[in-house]
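What follows is each chain in one-letter form.
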Amino acid sequence: QVQLVESGGGLVQPGGSLRLSCAASRSIFTIYAMGWYRQTPGKQRQLVALITSGDSTNYADSVKGRFTISRDNAKNTVYLQMNSLKPEDMAVYYCYAALDGLTYWGQGTQVTVSS
């Protein structure tokens, strides 16, 4: 019933920036949490950043100070601003949402960090 549409991934040089967006396909009545996870081949998805309904945020230590998560409830959208990107940030990034009583995942967007 809800589809999370991700955008903003792509190729960027080390030290560059990208902004990921994740928009829900319909209006959201109750948002418990939204966030971003990432995954590389052979590894489980790992939390990158999370924002709760109370606007509390949580970041992985590896991205703290470089990434910023935010959301716009009016647009049913969550963002991940990624600055000072490093090669180790290269992964498929997945949007996560716990909303309207259910959990949803985006299809993933590739972030490539390479010179």
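For the structure itself, look to the data block above.
An account of the accompanying structure is given in this report.

Attention now goes to the pairing of strand β10 (residues 102-105). Two strands pair when backbone bridges link them, and strand β9 (residues 91-99) and β10 are joined in this way by four bridges, in the antiparallel orientation. By the bridge assignment, A97 is partnered in β10 with Y104. Connecting the antiparallel pair β9 and β10 is a turn made up of two residues, with D100 showing a positive phi of about 50 degrees.

Turning our eyes to something else, we now look at the state of the cysteines. One pass over the structure, following the stated rule, counts one disulfide. Between the sulfur atoms of C22 and its disulfide mate C95 the distance is 2.1 Å. Judged by the sign of its S-S torsion, about -85 degrees, the bond between C22 and C95 is left-handed. Of this pair, C22 sits in strand β3 (residues 18-24) while C95 sits in strand β9, and the two are 73 residues apart along the sequence. One exposure class covers both C22 and C95, and it is buried.

As for its placement among the helices and strands, G9 is situated in the loop between β1 (4-7) and β2 (10-12). Classification of G9 as partly exposed rests on a relative accessible area of 34%. A sequence separation of 84 residues divides G9 from Y93, and the C-alpha atoms of the two residues are 8.2 Å apart.

Per the stated rule, a full pass over the model turns up four salt bridges. Across the pair D89 and R38 runs a salt bridge whose closest N-O atoms are separated by 3.0 Å. Taken together, the positions of D89 in the loop between β8 (77-82) and β9 and R38 in strand β4 (residues 31-39) put the pair 51 residues apart, joining distant regions of the chain. Of the two residues examined, D89 and R38, each falls in the buried class. Salt bridges sharing partners connect three or more residues here, namely R38, R66 and D89.

Reading the values: the criteria
- Residues numbered from 1 in each chain as written.
- Predicted model: local features only at pLDDT ≥ 70, side-chain atom pairs only at ≥ 80, totals over all residues.
- Heavy atoms only, no water.
- Pairing = 2+ DSSP bridges.
- Helix = DSSP H or I, 4+ residues; strand = E, 2+ residues; numbered from the N terminus.
- Disulfide = S-S within 2.5 Å.
- Buried < 20%, exposed > 50% of the residue type's maximum accessible area, 1.4 Å probe, protein only.
- Salt bridge = Lys/Arg side-chain N within 4 Å of Asp/Glu carboxyl O.

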